[in-house]
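# Summary of structural features
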Amino acid sequence: MAAAGGVPQFASLYVGDLHPDVTEAMLYEIFNSVGPVASIRVCRDTVTRKSLGYGYINFHSVSDAEHALDTLNYSSIKGRSCRLMWSQRDPSLRKSGTGNIYIKNLDKNIDNKALYDTFSLFGNILSCKVASDAATGASYGYGFVQYETEEAGKQAIERVNGMQIGEKTVEVQAFQKRDTRDTNDGNFTNLYIKNLKTEWEDEEKLKEAFGKFGTVTSTLIRSDAQGRKFAFVNFEKNEDAKKCIEDMHMMDVRTEEEKAKAEGEEEKLGPDGHPEGKLYVGRAQTKKEREKALKSKFAATADSGNKGVNLYVKNLDESVDDAGMKELFSPFGEITSMSVKKDDNGKCKGFGFVCFSSPDDATKAVTEMHLKVVQGKPLYVGLAERREVRDERLRQRY
């Protein structure tokens, strides 16, 4: 196997996809067998000291580092295939996007090594990665390859796009950074869907359900921190994606039993204001776009005469008090007021409110804390509805 990328003048390797229990001592034992190792560092969280899943190995000589790359790339360490590449100390090369391609609709059995073997035919690879679930290692069905040169990337797109790899025909295209992608609201093909029906949690059934609106080029199902499924469906044509939104958005996805049980009850809303029992289908947005929309919503709340942006927090552990709430949310900005609701025995009733002075701080808090597991429970964090808004929504519903 050829070295991944041009050989640099320093002998440092990046090692990724490490098992959380892998230590410097384990890596030393493995890599020192190839040649004398100068130093090893497993990168860790500054607070918990837990492994971040990657590290750096420095050899005394470039030839030993190159030999390690050739012989140990994708070898198994504690049951996980480790990923090696030259450590790129020049951030401009790493961030330039030169020769970077995106592969989607990958067969779920294609791993990092199989992807590398397929694409190394076209040039020296700087990095190669199949996106996968951190806990299970299951592939998400897409990946990235960055070549040393732009020409190699173009050749890979030309030769592999539309080819069958495994059981699926892949799409290969030049990778675009999120901030340079076309975010024209009217020109899109990729949809984000949440509150899925149970039967749609199978990709074939999802594709069948949404395929009635036009040719679906790829699908992807993921889970949030609470284990709830959401999906992305990409259409070939923009008009098919729009037709799908028009037809499917706000479809009632509850079972008859769930509808009967909820009869007469207040409709439950998510932090974005969308009803939990209704299907959400909309243009897939980048994280930056979602944060911008949330910030605008919070800014409107602040501009309406309220002092700050008030957030509603629920699913709190009964042991949480005001000090505990402050500890959770103060890292995101200035808190103007806060309240944990307690029962007659002084225990938390499971919910509370925290008000931030600025929309920016509230946006950061929701983005980071919604569905974050605290004391074994995933938190709900969303905009607190004013009483008059809530009353009006209920009036319109009933």
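Cut-offs applied
Residues numbered from 1 in each chain as written. Predicted model: local features only at pLDDT ≥ 70, side-chain atom pairs only at ≥ 80, totals over all residues. Heavy atoms only, no water. Pairing = 2+ DSSP bridges. Helix = DSSP H or I, 4+ residues; strand = E, 2+ residues; numbered from the N terminus. Axes fitted to C-alpha atoms, helices over the stretch in contact; angles between N-to-C directions. Contact = heavy atoms within 4.5 Å. Buried < 20%, exposed > 50% of the residue type's maximum accessible area, 1.4 Å probe, protein only. Arc of directions from axis to C-beta. Phe/Tyr/Trp six-rings, centres within 6.5 Å; stacked < 30°, edge-to-face > 60°. Salt bridge = Lys/Arg side-chain N within 4 Å of Asp/Glu carboxyl O. pLDDT = per-residue confidence, 0-100. Polar contact = N/O pair within 3.5 Å; in protein donor to acceptor, adjacent residues only side chain to side chain. Core = buried A, V, L, I, M, F, W, Y, C linked by side-chain atoms within 4.5 Å.

### Observations regarding the sheet that holds strand 22 (residues 380–383)
Two orientations exist for strands paired in a sheet by backbone hydrogen bonds: parallel and antiparallel. Taken together, the four strands give an open sheet; going across it, the order is 18-19-17-22, and neighbouring strands pair in antiparallel fashion. Edge strands, defined here as strands with exactly one partner in the open sheet, are strand 18 (335–342) and strand 22. Taken pair by pair, the neighbouring strands of this sheet meet at an average axis angle of 20°, ignoring direction. Here strand 17 (residues 309–314) pairs with strand 22 via four bridges, running antiparallel. Paired with Val-313 across the two strands is Val-381, which belongs to strand 22. The sheet strands contacting helix 10 (residues 322–329) are strand 17, strand 18, strand 19 (348–356) and strand 22, and the helix crosses strand 18 at an angle near 135°. Against the sheet, helix 11 (residues 359–369) contacts strand 17, strand 19 and strand 22, and its axis sits at roughly 15° relative to strand 17.

### Some remarks on helix 10
Taken as a whole, helix 10 has its buried residues at Met-325, Leu-328 and Phe-329. Viewed along the axis of helix 10, the buried residues span an arc of 80°, placing them on a single side of the element. For helix 10, exposure combined with an orientation more than 90 degrees from the buried face picks out Ala-323 and Glu-327. Contacts made by the buried residues of helix 10 are with strand 17, strand 18, strand 19, helix 11, strand 20 (373–374) and strand 22.

### Brief notes about unusual backbone geometry
Residue Tyr-74 is not a glycine yet carries a positive backbone phi of 70°. Mapping Tyr-74 onto the fold places it in the loop between helix 2 (62–72) and strand 4 (76–77). Even without being glycine, Asn-195 reaches a positive phi, approximately 60°. With respect to the helices and strands, the residue Asn-195 is situated in the loop between strand 13 (190–194) and helix 6 (203–210).

### Observations concerning the packing of aromatic side chains
Taken as a whole, this structure holds 17 aromatic pairs when the rule is applied. Seen in terms of ring centroids, Tyr-14 and Tyr-56 are 5.9 Å apart; in terms of plane orientation they differ by 70°. Their pairing is edge-to-face. Of this pair, Tyr-14 sits in strand 1 (residues 12–16) while Tyr-56 sits in strand 3 (residues 51–59), and the two are 42 residues apart along the sequence. Judged by its relative accessible area of 16%, Tyr-14 falls in the buried class.

### Considerations on the pattern of salt bridges
Counted according to the given criterion, the structure contains ten salt bridges. Salt-bridge contacts for Lys-108 lead to Glu-203; the nearest nitrogen and oxygen are separated by 2.8 Å. Of this pair, Lys-108 sits in the loop between strand 7 (100–104) and helix 4 (112–119) while Glu-203 sits in helix 6; the two residues are 95 residues apart in sequence, bridging distant segments of the chain. Residue class for Lys-108 comes out partly exposed when judged on its relative accessible area of 39%. Taking the shortest distance from any N to any O, the salt bridge between Glu-256 and Lys-259 comes out at 3.5 Å. Placement of the pair is Glu-256 and Lys-259 together in helix 8 (residues 256–261), with a separation of three residues, close to one helical turn. Overall, the relative accessible area of 59% leaves Glu-256 in the exposed class. Sharing partners across several salt bridges, the network here consists of Asp-17, Arg-83 and Lys-129.

### Focus on the confidence of the model for the protein chain
On average, the protein chain scores 82 in pLDDT, and the residues at 70 or more come to 81%. Mean pLDDT across the elements of the protein chain bottoms out in helix 12 (residues 387–397) (52) and peaks in helix 1 (residues 24–31) (94).

### A closer look at the side chain of Asn-238
Among the structural elements, Asn-238 can be located in helix 7 (residues 238–248). A polar side-chain atom of Asn-238 sits 2.7 Å from the main-chain carbonyl oxygen of Phe-188.

### Regarding helix 6
Turning to helix 6, its buried residues number three or more, namely Glu-203, Leu-206, Ala-209 and Phe-210. All buried residues of helix 6 fall inside an arc of 125° around its axis, so they share one side. In helix 6, the exposed positions that point more than 90 degrees away from the buried face belong to Glu-204 and Glu-208. Looking at the buried side of helix 6, the elements it contacts are strand 11 (168–169), strand 13, strand 14 (216–223), strand 15 (229–235), helix 7 and strand 16 (280–283). Its side-chain oxygen placed 3.0 Å from the backbone nitrogen of Glu-204, Asp-202 serves as the N-cap of helix 6.

### Quick notes on the sheet that holds strand 13
Across the sheet, four strands lie side by side as 14-15-13-16; this open sheet has antiparallel pairing. Looking at which strands have only one partner, the edges of the open sheet turn out to be strand 14 and strand 16. On average, each strand axis in the sheet is inclined to that of its neighbour by 20°, with strand direction left out of account. Bridge analysis of strand 13 against strand 15 gives five bridges, and the strand direction is antiparallel. Across the sheet, the residue bridging to Asn-190 is Asn-234, located in strand 15. Those strands touched by helix 6 are strand 13, strand 14, strand 15 and strand 16, and its axis lies near 130° from that of strand 14.

### Some points on the nonpolar core
Counting 21 residues, the largest nonpolar core has Leu-27, Phe-31 and Phe-59 as the members making the most contacts within it. Looking at this core, the elements with two or more residues in it are strand 1, helix 1, strand 2 (37–44), strand 3, helix 2 and strand 6 (83–86). If you tally residues by element for this core, the top one is helix 2, at four residues. Not counting residues up to four positions away in its chain, the partners in contact with Leu-27 are Val-15, Leu-18, Val-22, Asn-32, Ile-40, Val-42 and Ile-77.

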